[in-house]
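Structural description and commentary
Now for the letters of each chain:
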Amino acid sequence: MSSDQDHLKQTDTEERFDFKKDSKAAFAAEKGLTEETIHAISEDKDEPEWMLERRLRALEQFQAMPMPTDWPGQPDLSEVDVDEIVPYIRPDVDVRAGVDDWTELPDEIKDTFDKLGIPEAEKNALSGVGAQYESEVVYQNMQERWEEKGVIFCNMDQAVQEHEEIVREHFMTTCVPPSDNKFAALHGAVWSGGSFVYVPEDVTVEMPVQAYFRMNSEGMGQFEHTLIVAEEGSEVHYIEGCSAPKYSAINLHSGGVEVFVGEDAHVQYSTVQNWSKNTYNLNTKRALVEKNGRMEWISGSMGSKATMLYPSSILKGRGASDNHITIAFAGEGQNIDTGAKVYHNAPNTKSTIESKSISKDGGRTNYRGLVHIADGAEGSSTAVECDALMFDNESTSDTMPYMEINESTVDVAHEATVGKIGDEDVFYLQSRGLDDDDAKQMIVSGFIEPITEELPIEYAVELNRLVELEMEGSLG
Amino acid sequence: MSTQLPASISEETVNEISAERDEPDWLRRTRLDALAALEELEMPSVIETPGRRWTNLEDLDYESIVDPLDQRDETERVSAEGAKVLDFETALEEHPELVEEHFGSVTDPQTNYLTALSTALFTTGTVIYVPEGVDAEDVKVRAEMNSTSLFSHTLVVAEDNASATILERISNGSAVDGDRYFSNLVEIVTGENAYVQYGSLQNLDEDVYDFTLKRGDANRYATIDWIEGNIGSRLTRSDIETELNGDSSETKIVGAFFGHDDQHFDINARVWHNGEHTTADLVTRGVLDDEARSVYEGVQDVGRDAWDTSSYQRENTLMLSDDSEADASPKLIIHNHDTEASHSATVGQVDAEDLFYMTSRSIPENTARNMLVEGFFVPVLEEVEVDELREDIDDLIVARLD
């Protein structure tokens, strides 16, 4: 047994990420997707009429759109059958909108989050944690000092009730309309839960705002919506963690993230996702960035059977900028198709994309990117860098960047490299007394460091642990 | 698909072309099979992003630009000692078995609609045969197109330990009005340890639509180097491909293009690493002025058994005008981890600091800019072994800058 396995045993890490609960649902929608389901969800949430209308319209669009099938190298989605997926489950929690105090949570849910280390993060005086269990946010807390300044951080369902105007203006209108793609339309129809973050003008939220999502039931779909509105001159860092234990049935996660970055505002969106190996993770995430605004996407995509996710930024205002840092890990039977899209629609806009992937045991990673520089976006620049690390020749790693350049006074650079783990590096570490596994683990940790150093320490530790587990194959 | 069989082409047309040239029956049948396949075949795949197809080959009116029974060319062929450089008809007479064995062996005539059309209708072409151990330097094929449409087929066979440097150029001779179509399929067959550098220069009139597919099969220890300059034409679709099938084989694909007015270049460089210890280097540089447009796709495909692969790709585009557009998609497809691979692409304008430096040394701004553009092509020109090709590309670049 390698020292890694000892380490995992001692720290219970293995168990932490792979356990499931027998949960009792208070309300579960019927399998499948019909207008009745939509009415039922909307009614259960006591939603205003306009939201119901948007859901029904999205359902129509979903039904009208074909499944994506012809993209070169895309994951096979033929097993995704919406009729077999339960779109909505509300756990048995008395307080519909969530509880304010951790101790009020039912033991079973508390226990789940305990294992994932959420209370530790909370104890470490992070500014707030919203935790979503199945489709509902069950716990969220926000430090008072931000509340006094008008910062809103709450569950998305609650936001529809309490901040209706802001939500009505921004929810799936200009940023991610349901017509964007088939799964955005599905999301628009059945979305539930998620986070709402509103930061007023010139307010800086110095500590990260956090939410954690966990999918716990078999064969369910999770469709949380995250809406972040950062007004002019404001600043916020939102962190989201996601995980799901493994089950035999297919899970579908189809979230939606919309970020509005106002003039001179700065939003960082970080996520570490660890879905079970039977989850289809088909998300749409987009930011609209105004003049001199800055958007940063940091993401670690672990787990899932197949992921199709290309966070995108539309740089609308002069001087707007975007920064993407992503990492993907694909092990046996996994196809992680991810990347980044940036539209430079105004002059002097800048973007950088740094994408890293690791593939092992027949896993498949793909970087699929699009950088579009519109006519009139003079003085813009973009730099894309993709690095892929491969462990064996059963695995596949592809890089498919697209660059559409309509303007001459721009700087565009794309670079990609693929390599195996260096035999010499491994040998060097072994000669210093590390065993083969530890040496490889250390090299991989170094490879993903550009990502981990951008994350708060708890998430960096979690990401490292997840990679460690993947390397061991113990998440299987 | 989609695209209809042009009304001007029928089995009779193909039979007539074949009979006139007194061709063997296998070739006539290959042509007829290609013709029959047209109904089913697709256009060459073009890179697409949602909502956008980057080159619209199906929009061409093949009916009006294809006149199969009136194909005229003026082609000058310069051979080298020990090698055979023959027009297609002579090659069929003198080396019937060689042609039959290798024709269509590297590129399936039915790869796509345009390759099949070319196979069914070609009337000109060259066979270059370099026997074992022969070094053939400075082989030249200078072709002039003198009709509305012209279809050509080039076959290079380099046997074990043979080497060849070949220059092929295509331009227009006597003036013909209106839209025109030029098509050339090039196949390179190599023996063990053979070396072929195949340079081509396309300087067609700017109302010619141009389709070329060049493909080489590299045997053990063999090297196939491609050089390609694209200056003329209204629209060019060019595919250069090497299959590194033999262990320790190598390839280099070097491209240069310079577009102005509303020229459109769809340039594709592709390499398949199938053998072990293979090496590929893809280098393309292009300049775009006015409303010119380029679409570039580079693919490095490393197979499951391609151990110890090295594969590199660079693509750089210089934009001289805001109205031009450059699209690039360099792709890596990797199935074996024992690989070192990288690709990069850049798009930029003439460097303002370089320009400032030169103007501060009293060089007029326009001259300075032209010098920088000329300098931009140097890394590509340095790869060209045939002096005439290098000088011609350089002259055409300078002429375009004036």
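As the structure is a prediction and not an experimental result, all values here were calculated from the model.

Residues Val259, Met295 and Ile405 of chain A are the most contacted members of the largest nonpolar core, which totals 88 residues. Not counting chain neighbours up to four residues away, the residues in contact with Val259 of chain A comprise Cys175, Ile228, Val267, Arg286, Ala287, Leu288, Met295 and Trp297 of chain A. Membership of the second largest hydrophobic core comes to 50 residues, among which are Ile47, Phe88, Leu114 and Phe122 of chain B.

Attention now moves to helix α7 (residues 352-360) of chain B. Of the residues flanking the start of α7 of chain B, the one acting as N-cap is Asp351 of chain B, its side-chain oxygen 3.1 Å from the backbone nitrogen of Glu353 of chain B. Positive phi appears at Ser362 of chain B, one or two residues downstream of α7 of chain B, with a value of about 70°.

What follows concerns the interface of chain A and chain B. With 33 residues of chain A at the contact, the number on the chain B side is 38 residues. Taking both sides of the interface into account, the surface hidden between chain A and chain B amounts to around 2900 Å²; carbon and sulfur atoms contribute 49%. If you sort the residues of chain A by the area they bury against chain B, Asn393, Tyr402 and Ser408 of chain A come out on top, with a joint share of 21%. At the junction of chain A with chain B, the criterion picks out 21 residue pairs in polar contact (both at pLDDT 80 or more). Every element with two or more residues in the side of chain A that touches chain B is listed here: β24 (396-405) and β25 (411-420) of chain A. The residue makeup of the side of chain A that touches chain B, split by class, is 13 nonpolar, 11 polar and 9 charged. Pairing of β24 of chain A with strand β19 (residues 325-334) of chain B involves 6 bridges; the strand directions are antiparallel. If you follow Asp398 of chain A over to β19 of chain B, its bridge partner there is Ile333 of chain B.

If you walk through the whole model with that rule in mind, you get 16 aromatic pairs over all chains. Clustering of aromatic rings is evident, with ring pairs tying together Phe153, Tyr238, Tyr269 and Trp297 of chain A. Positioned over the ring face of Phe447 of chain A is Lys356 of chain A, at 4.5 Å from the centre of the ring. Above the face of the Phe258 of chain B ring, Arg400 of chain B is positioned so that its terminal group lies 5.8 Å from the ring centre.

Residues and elements named next belong to chain A. Of all residues in chain A, 74% attain a pLDDT of 70 or more, and the chain-wide mean is 78. Within chain A, strand β15 (residues 284-289) carries the highest mean pLDDT (97), whereas helix α1 (residues 3-11) carries the lowest (38). Note that residues 89-99 has pLDDT below 50 and, in this model, 40 contacts with residues that lie over four places away or in other chains. Per-residue pLDDT stays below 50 along residues 118-140; that stretch engages in 114 contacts with residues further than four places along the chain or on separate chains.

Okay, the packing of helix α3 (residues 35-44) of chain A against helix α4 (residues 49-64) of chain A next. Residue and element names in this part refer to chain A. At a closest axis distance of 10 Å, the pairing of α3 and α4 adopts a crossing angle of 155°. Regarding the angle of α3 to α4, the classification is roughly antiparallel. Crossing handedness for the pair α3 and α4: right-handed. Every residue of α4 that contacts α3 at Glu35, Ile38, His39, Ile41 and Ser42 is listed here: Leu52, Arg55, Leu56 and Leu59. In terms of residue class, the contact of α3 with α4 is built from 5 nonpolar, 2 polar and 2 charged.

The positions that UniProt labels "domain: SUF system FeS cluster assembly SufBD N-terminal" (unreviewed entry) are, in the present scheme, residues 67-137 of chain B. The span residues 67-137 of chain B shows a helical share of 32% and a strand share of 28%, and its end C-alpha atoms are spaced 36 Å apart.

This part covers α4 of chain A. The α-helix advances 3.6 residues per turn, and as a result positions three or four apart in sequence lie on the same side. The first and last C-alpha atoms of α4 of chain A sit 23 Å apart over 16 residues, in line with the 22 Å expected at 1.5 Å per residue. Looking at α4 of chain A, one finds that the buried residues are Trp50, Met51, Leu52, Arg55, Leu56, Ala58, Leu59, Gln61 and Phe62 of chain A.

Take the UniProt feature "domain: SUF system FeS cluster assembly SufBD core" (unreviewed entry) in chain B next. Those places that UniProt annotates as "domain: SUF system FeS cluster assembly SufBD core" (unreviewed entry) correspond, in this numbering, to residues 146-376 of chain B. Helix and strand shares over residues 146-376 of chain B are 9% and 61% respectively, and the end C-alpha atoms of the span are 33 Å apart.

A separate point is the pattern of salt bridges. Residues and elements named next belong to chain B. Following the criterion strictly, the structure yields 40 salt bridges over all chains and no others. Taking the shortest distance from any N to any O, the salt bridge between Arg28 and Asp25 comes out at 2.9 Å. Placement of the pair is Arg28 and Asp25 together in helix α2 (residues 25-37), with a separation of 3 residues, close to one helical turn. The class of Asp25 is partly exposed, set by a relative accessible area of 40%. Glu325 is the salt-bridge partner of Arg293, the closest N and O atoms lying 3.5 Å from each other. Placement of Arg293 in strand β17 (residues 293-302) and of Glu325 in strand β19 is noted, with a sequence separation of 32 residues between them.

Here is what the cut-offs are and how they apply
Residues numbered from 1 in each chain as written. Chains lettered and ligands numbered in written order. Predicted model: local features only at pLDDT ≥ 70, side-chain atom pairs only at ≥ 80, totals over all residues. Heavy atoms only, no water. Core = buried A, V, L, I, M, F, W, Y, C linked by side-chain atoms within 4.5 Å. Buried < 20%, exposed > 50% of the residue type's maximum accessible area, 1.4 Å probe, protein only. Contact = heavy atoms within 4.5 Å. Polar contact = N/O pair within 3.5 Å; in protein donor to acceptor, adjacent residues only side chain to side chain. Helix = DSSP H or I, 4+ residues; strand = E, 2+ residues; numbered from the N terminus. Buried area = accessible area lost by both parts, 1.4 Å probe. Nonpolar A, V, L, I, M, F, W, Y, C, P; charged D, E, K, R; others polar. Pairing = 2+ DSSP bridges. Phe/Tyr/Trp six-rings, centres within 6.5 Å; stacked < 30°, edge-to-face > 60°. Lys NZ or Arg CZ within 6 Å of the ring centre and 35° of its normal. pLDDT = per-residue confidence, 0-100. Axes fitted to C-alpha atoms, helices over the stretch in contact; angles between N-to-C directions. Parallel < 35°, antiparallel > 145°, perpendicular 65-115°, else oblique. Left-handed = near helix turned anticlockwise from the far one by under 90°. UniProt positions renumbered as here; feature names shortened; annotations may be inferred. Expected span 1.5 Å × (residues − 1). Salt bridge = Lys/Arg side-chain N within 4 Å of Asp/Glu carboxyl O.

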